[in-house]
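# Inside the fold
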Amino acid sequence: MKTILQSHKKKVLIVCLAILLAVVIVGALKSFDVGPFHKKVAMTVSGTSFNTKGETGKNSGTSASKQTNSGTTDSDEESSSSSKAAPSAQTLFTPTGEFISNHSPNLSGSPAPNTESSVCNTTPGATCQITFTMDSTTRSLPAKTADANGSVFWSWNLQSVGLTAGSWKVQAIASQNGQTKTASDAMLLVVKQ
């Protein structure tokens, strides 16, 4: 009888230890937020969803949210204030490109044509203008806004801009948000009669 009681006590002790060990393991998993107790977090920053464990985003907007396993959403105010997109300060690029297509045109159109094409490459959304200066006279192509690739194109003729015979300095001027960058053509525009 004594051996049966001792055997029974051992079994009860083993079962109690196993339960205690299981409780300790579950508590550790919960405290480290791992295993089956890991909370799936979906964060939305400026309309883009970043999720864990392959979940799809269910939230939209600019505030960050936490979505728990139960499906409830708790607003995380601290993350919300830091996740707002800061206004982007775009760097203005110095203009490049073929500012004029022909450096030796003729007003008469013969032997060289009097038509030109101009290209200015800069920051997308910036305005670009091509100017021509001879002595104290300055003429220019109308300012245009650079496309999504940062390019501006003009097709024009000498007379429409008011250029006369002589040597003109050519510059491209890009501007955006109070910034201005200028580049000069390495060659003069020599307009002939």
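Model, not experiment: these values are computed from the prediction.

For the rest of this paragraph, the subject is the overall build of the protein. Of regular secondary structure, the protein possesses 3 helices and 12 strands. Split into buried and exposed, the 193 residues of the protein put 27% on the buried side. At a minimum sequence separation of 6, the contacts of the protein that also span at least 24 residues come to 54%. Within the structure as shown, the protein displays about 12,300 Å² of accessible surface, and the carbon and sulfur contribution to it stands at 58%.

Okay, the packing of aromatic side chains next. What the rule picks out here adds up to 1 aromatic pair. When the centroid spacing of 5.2 Å and the interplanar angle of 50° are considered together, the rings of F132 and W156 count as tilted. Taken as a pair, F132 in strand β6 (residues 127-134) and W156 in strand β9 (residues 151-157) lie far apart in primary sequence, 24 residues in all.

Considering all chains together, one arrives at 1 disulfide under this definition. With a sulfur-sulfur separation of 1.9 Å, C120 is cross-linked through a disulfide to C128. Between C120 and C128, the S-S dihedral sits near 80°, and the bridge is therefore right-handed.

With respect to the helices and strands, T122 occurs in the loop between β5 (115-121) and β6. Accessibility expressed as a relative area gives 6% for T122, which makes it buried. A distance of 2.7 Å separates a polar side-chain atom of T122 from the backbone oxygen of F93. In this view, T122 contacts L92, F93, A146, G150 and A174; residues no more than four positions away in its chain are not counted.

A few words now on unusual backbone geometry. At the junction of S110 and P111, the peptide bond is cis and its omega measures out at 5° in the coordinates. Following the sequence through the fold, P111 ends up in the loop between α2 (77-82) and β5. Of note in this structure, D135 is not a glycine but carries a positive phi near 55°. Structurally, D135 is set in the loop between β6 and β7 (137-140). At N177, a position not held by glycine, the phi torsion is positive, near 50°.

Rules used throughout
Starting from 1, residues in each chain are numbered consecutively following that chain's sequence as written. Thresholds applied to this predicted model are a pLDDT of at least 70 for local features of residues and 80 or more for the giving and counting of side-chain atom pairs; totals over whole chains, interfaces and linings are not thresholded and use all residues. Remark: hydrogens and water are excluded; side-chain values derive from all non-hydrogen atoms of the structure. Strands here are runs of E lasting at least two residues and helices are runs of H or I lasting at least four, both read from the DSSP assignment and numbered beginning at the N terminus. Summary of the burial criterion: residues with accessible area below 20% of their type's maximum are buried, those above 50% are exposed, and those between are partly exposed, where the area comes from a 1.4 Å probe applied to protein chains only. Throughout, a residue-residue contact means that at least one pair of heavy atoms, one from each residue, lies within 4.5 Å. Computed with a 1.4 Å probe, the accessible areas rest on the Shrake-Rupley method; for each residue, only the protein chains presented here act as cover. Side-chain rings of Phe, Tyr and Trp, where Trp is taken by its six-membered ring, are said to pair if the distance between their centres is within 6.5 Å; with planes under 30 degrees apart they count as stacked, over 60 as edge-to-face, and otherwise as tilted. Cysteine sulfur atoms that pair up within 2.5 Å are treated as a disulfide. Distance and chemistry together define a polar contact, namely a pair of N or O atoms within 3.5 Å, with one atom able to donate a hydrogen and the other to accept it when in protein, and with adjacent residues in sequence counting only for side-chain atoms on both sides.

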